[in-house]
Amino acid sequence: QAHLVESGGGLVQAGGSLRLSCVASGAMWDINDMGWYRQAPGKQRELVATISRAGSTNYADSAKGRFTISRDNTKNTVYLQMNSLEPEDTAVYYCTARGMSGFRRGDYWGQGTQVTVSS
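Treat the numbers as computed from the prediction; the structure is a model and nothing was measured.

A. Just the pattern of salt bridges, in detail. A full pass over the atoms with the stated rule returns six salt bridges. Between Lys64 and Asp61 there is a salt bridge, with the nearest N and O atoms lying 3.8 Å from each other. Each of the two residues, Lys64 as well as Asp61, counts as exposed. Here Asp107 ties to Arg98 by a salt bridge, and the two come within 2.8 Å at their closest N and O atoms. On the accessibility criterion, Arg98 (42% relative accessible area) is partly exposed. A network of salt bridges, in which partner residues are shared, links Arg38, Glu46, Arg66 and Asp89.

B. Spatial organisation of the state of the cysteines. Overall, the coordinates contain one disulfide when judged by the stated rule. Between the sulfur atoms of Cys22 and its disulfide partner Cys95 the distance amounts to 2.0 Å. Its torsion about the S-S bond being -80°, the disulfide of Cys22 and Cys95 is classed as left-handed. In this pair, Cys22 is assigned in strand β3 (residues 18–24) and Cys95 in strand β10 (residues 91–101), connecting sequence segments 73 residues apart. Each member of the pair, Cys22 as well as Cys95, is classed as buried.

The rules behind these values
- Residues numbered from 1 in each chain as written.
- Predicted model: local features only at pLDDT ≥ 70, side-chain atom pairs only at ≥ 80, totals over all residues.
- Heavy atoms only, no water.
- Salt bridge = Lys/Arg side-chain N within 4 Å of Asp/Glu carboxyl O.
- Buried < 20%, exposed > 50% of the residue type's maximum accessible area, 1.4 Å probe, protein only.
- Disulfide = S-S within 2.5 Å.
- Helix = DSSP H or I, 4+ residues; strand = E, 2+ residues; numbered from the N terminus.

As structure tokens, this is what we get:
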């Protein structure tokens, strides 16, 4: 069962923008932190940004000043607005959420969405 589904990835030119979305399924409840990670070919998955249910945010240094994470708790959705994109941002972007599914609490992950930035 897919707990999280990302969308909004694609191909953009350097300097362009993308807005990623991730919606949690109805099977998830008591969702706390949500966030975005990314993984480039041959590299480990790395943090991009996180946001608490109340709206407190944290950003990786590489994202700070260019990316904005936000969420809509009524829709169980988290967003990542990415501006001033660089080729180094090319990666598969994964959404994550900490919450409950049934009686199981854990960190749940989406399938990923590809972001490619051309120079």
